[in-house]
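This is what each chain is made of:
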Amino acid sequence: MYGGAHVKFTVSVSKDHEPSFLLDQVKLEDKFYTLNEKGLCIDVCQSVFKPAGVLSEIRSSDPLYYKLEQDLAKSGMDDLILLNESNRMVECSRSNIFLISGKSVFTPGLSHGCIPGIMRAIILKILAG
């Protein structure tokens, strides 16, 4: 696919521990990535809480995210902020959370339940210098 695309890569593991892969892509309307000039409309998700623990780092086919997609469709919001069982912000349904205060950048730790995604790792690496 030429130009811009939204790509989703899903990995599943069968009962026999055999991996299978699904690559889904949707062509973007514009050929170039553009800034969202209208901004984002976000809210805090009140219907589910994300547990913190070893399994919280795996997103694959977690029903929590299916529930969040349903909530997003009903609410008309662009994204929802997920809270963990301790009522702390963990991540958004479709993105990581970073807070910039002066020259400092903060993001929830993995022990709070966020997914250690690629973009999060890249940003933390860049910030570490």
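> Account for the sheet that holds strand E4 (residues 79-83), naming residues and giving values.
Paired through backbone hydrogen bonds, the strands of a sheet run either parallel or antiparallel to each other. Strand order in the open sheet formed by 3 strands is E3-E4-E5, and the pairing between neighbours is mixed. Looking at the sheet topology across the chains shown, the edges are occupied by strand E3 (42-44) and strand E5 (89-92). Taken pair by pair, the neighbouring strands of this sheet meet at an average axis angle of 25°, ignoring direction. As defined by bridge partners, E3 adjoins E4 across 3 bridges and the pair is classed as parallel.

> Lay out unusual backbone geometry in plain terms, naming residues and giving numbers.
Even without being a glycine, Asn 87 presents a positive backbone phi close to 65°. Secondary-structure assignment places Asn 87 in the loop between E4 and E5.

> Describe the pattern of salt bridges, and please don't skip the residues or the numbers.
Inspection of the entire model under this criterion finds 2 salt bridges. Ionic pairing is found between Lys 38 and Asp 78, a salt bridge with its closest N-O pair at 3.3 Å. Here Lys 38, found in the loop between strand E2 (19-27) and E3, pairs with Asp 78, found in the loop between helix H1 (63-75) and E4; they are 40 residues apart in sequence, far enough to count as distant. Judged by relative accessible area, Lys 38 falls into the exposed class, the value being 67%.

> Break down the nonpolar core for me, with residues and values.
Among soluble globular proteins, nonpolar side chains are generally buried collectively. Of all hydrophobic cores here, the largest spans 9 residues; its members are Cys 45, Val 48, Leu 64, Tyr 65, Leu 68, Leu 72, Leu 80, Leu 82 and Ile 115. Residue assignment for this core shows that the elements contributing at least two residues are H1 and E4. For this core, the leading source of residues is H1, giving 4 residues. Not counting residues within four places of it along the chain, the set of residues in contact with Leu 68 comprises Cys 45, Val 48, Leu 80, Leu 82 and Ser 93.

> Give me the lowdown on the confidence of the model for the protein chain, citing residues and values where you can.
Where the model shows low pLDDT, its predicted coordinates should not be examined in detail. When pLDDT is averaged across the protein chain, the result is 80; 88% of the residues are at 70 or more. Of all secondary-structure elements in the protein chain, the lowest mean pLDDT belongs to strand E1 (residues 5-13), at 74, while E5 reaches the highest, 88.

> Lay out the pairing of E4 in plain terms, naming residues and giving numbers.
In terms of residue burial, E4 counts as a mostly covered element, since 5 of its 5 residues are buried. A two-sided burial pattern is seen for E4, the buried positions comprising Asp 79, Ile 81 and Leu 83 on one face and Leu 80 and Leu 82 on the other. Two elements, E4 and E5, share 3 bridges in a ladder whose sense is antiparallel. Counted as the bridge partner of Leu 83 is Met 89 from E5.

> Describe the environment of Leu 22, with residues and values.
Looking at where Leu 22 falls in the secondary structure, it is placed in strand E2. When the C-alpha atoms of Leu 22 and Ser 12 are compared, they prove to be 8.4 Å apart, with 10 residues separating the residues in sequence. In contact with Leu 22, other than residues within four places in its own chain, are Lys 8, Phe 9 and Thr 10.

> How would you explain the side chain of Arg 120 if you had to name every residue and give the values?
With respect to the helices and strands, Arg 120 occurs in helix H2 (residues 118-128). Despite its burial, Arg 120 pairs with no opposite charge, the nearest such side chain being Glu 91 at 7.1 Å. Setting aside residues up to four positions removed in sequence, Arg 120 forms contacts with Asn 96, Phe 98, Thr 107, Pro 108, Gly 109, Leu 110, Cys 114 and Ile 115.

The rules behind each value
Residues numbered from 1 in each chain as written. Predicted model: local features only at pLDDT ≥ 70, side-chain atom pairs only at ≥ 80, totals over all residues. Heavy atoms only, no water. Pairing = 2+ DSSP bridges. Helix = DSSP H or I, 4+ residues; strand = E, 2+ residues; numbered from the N terminus. Axes fitted to C-alpha atoms, helices over the stretch in contact; angles between N-to-C directions. Salt bridge = Lys/Arg side-chain N within 4 Å of Asp/Glu carboxyl O. Buried < 20%, exposed > 50% of the residue type's maximum accessible area, 1.4 Å probe, protein only. Core = buried A, V, L, I, M, F, W, Y, C linked by side-chain atoms within 4.5 Å. Contact = heavy atoms within 4.5 Å. pLDDT = per-residue confidence, 0-100. Lys, Arg positive; Asp, Glu negative; His and termini not counted.

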